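# An overview of the molecular structure
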Amino acid sequence: MNLPLGEYEIAHLAFEIERIDLGCAGGKQDQYAATFGGFNFIEFYKDDRVVVNPLRIKNWIISELESSLVLYYTGVSRYSSEIIAEQAKNAENNVVDAIAAMTELKEQSVKMKEAILKGDMRSLADFMERSWEAKKKTAASISNNEIDALYDRARAAGAHAGKLSGAGGGGFMMFLVDPSRRMEVIRALNSNGGRVMSCHFTKYGTQGWRLP
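Residues numbered from 1 in each chain as written. Predicted model: local features only at pLDDT ≥ 70, side-chain atom pairs only at ≥ 80, totals over all residues. Heavy atoms only, no water.

Moving on to the confidence of the model for the chain. Mean pLDDT over the chain works out to 89, with 97% of the residues at or above the 70 mark. Within the chain, helix α4 (residues 80–92) has the poorest average pLDDT of any element, 79, and strand β2 (residues 50–54) the best, 96. (pLDDT = per-residue confidence, 0-100. Helix = DSSP H or I, 4+ residues; strand = E, 2+ residues; numbered from the N terminus.)

Next up, the structure:
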């Protein structure tokens, strides 16, 4: 169609199609992350203003981070819209614990960015753990006894921290582990009924080309 769209326009268009046209509840971080690719610190403001700040991560840090991450599919699917609706309701009703947790999530994201830039994996794990504890307080349905038990099992096997991706309630869980104990964590997770998935970072986001 030869549309003269830059990354910001593509991400916003994807957001409008999914969230507005199709009525799917959720945020807009996924659309911007997929469009821009690489490591970014993304700031979201009111009136649809978004600022994507590319981070200059040294290659050794990226390599260490990849070797320290374990991505696990819990085998549990969930309707993220229901969890998001609960979070929105808590925010609208000014539920004190939920609002405080959202503020904590924002603060921890800044600290995690700084830890990644420095290659400080232990601090990154500490901030990730605090972020996960805060996330669970934004809505009761984000975690449950099974997920908590899975988290504890991974920690006992050598994981430093972990958190569910997306809205929560199931889906994928990401763990930050000691590389020397990576296989211990993988064996502990695989014995739980889900499946460890391979993953790696990419420097590139959405790309398009024309066929002759």
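Taken in spatial order, the four strands make up an open sheet running β4-β5-β3-β6, and their pairing is antiparallel. The open sheet is flanked by β4 (159–164) and β6 (195–197), the only strands paired with a single partner. Ignoring strand direction, the axes of neighbouring strands in this sheet form an average angle of 30°. Bridge count for β4 against strand β5 (residues 172–177) is five bridges, and the pairing is antiparallel. Bridge assignment links K163 to a residue of β5, and that residue is M174. Those strands touched by helix α7 (residues 145–157) are β3 (69–73), β4 and β5, and its axis lies near 155° from that of β4. Contacting β3, β4, β5 and β6, helix α8 (residues 182–190) runs over the sheet at an angle of about 5° to β3. (Pairing = 2+ DSSP bridges. Axes fitted to C-alpha atoms, helices over the stretch in contact; angles between N-to-C directions. Contact = heavy atoms within 4.5 Å.)

Turning our attention to the packing of aromatic side chains. Think of a pair of aromatic rings as described by two things: how far the centres are apart, and how the planes are tilted against each other in angle. Considering all chains together, one arrives at seven aromatic pairs under this definition. Ring centres of Y8 and F36 lie 5.0 Å apart, and the angle between their planes is 75°; this geometry places the pair in the edge-to-face category. Here Y8 is found in helix α1 (residues 7–21), whereas its partner F36 is found in helix α2 (residues 29–36), with 28 residues between them in sequence. An aromatic cluster of three or more residues is present, and its members are Y8, Y32, F36 and F44. The ring of F15 has K28 lying over it, and the distance from NZ or CZ to the ring centre is 4.5 Å. Seen from the ring of F41, K113 lies directly overhead, with NZ or CZ sitting 4.6 Å from the centre. (Phe/Tyr/Trp six-rings, centres within 6.5 Å; stacked < 30°, edge-to-face > 60°. Lys NZ or Arg CZ within 6 Å of the ring centre and 35° of its normal.)

Attention now moves to α2. Inspection of α2 places Q31, Y32, T35 and F36 among the buried residues, and these make up the whole buried set. Seen from one end, α2 has its buried residues packed into an arc of 110°, which puts them on one side. Here the buried face of α2 lies against α1, β1 (40–44) and β2. (Buried < 20%, exposed > 50% of the residue type's maximum accessible area, 1.4 Å probe, protein only. Arc of directions from axis to C-beta.)

With respect to the helices and strands, the residue R130 is situated in helix α6 (residues 121–136). Sequence-wise, R130 and E104 are 26 residues apart; in three dimensions their C-alpha atoms are separated by 8.3 Å. Contact partners of R130, with chain neighbours within four places excluded, come to E104, Q108 and K111.

Looking at chain direction, β1 and β2 are connected through five bridges and run antiparallel. By the bridge assignment for β2, E43 is matched with V51. Hairpin remark: β1 followed by β2, antiparallel, with five residues in the connecting loop; positive phi at D47, about 60°.

Before going further, it helps to examine α6. In a regular helix each residue adds 1.5 Å, so 16 residues correspond to 22 Å; α6 covers 23 Å between its end C-alpha atoms and thus fits that length. Packing partners of the buried residues in α6 comprise α3 (59–68), α5 (96–118), α7, β4 and β5. (Expected span 1.5 Å × (residues − 1).)

With that settled, consider the pattern of salt bridges. Within this structure, the stated rule accounts for seven salt bridges. Across the salt bridge formed by E184 and R181, the nearest N and O atoms sit 3.3 Å from each other. Overlapping salt bridges bring together E133, K136 and D148 as one network. (Salt bridge = Lys/Arg side-chain N within 4 Å of Asp/Glu carboxyl O.)

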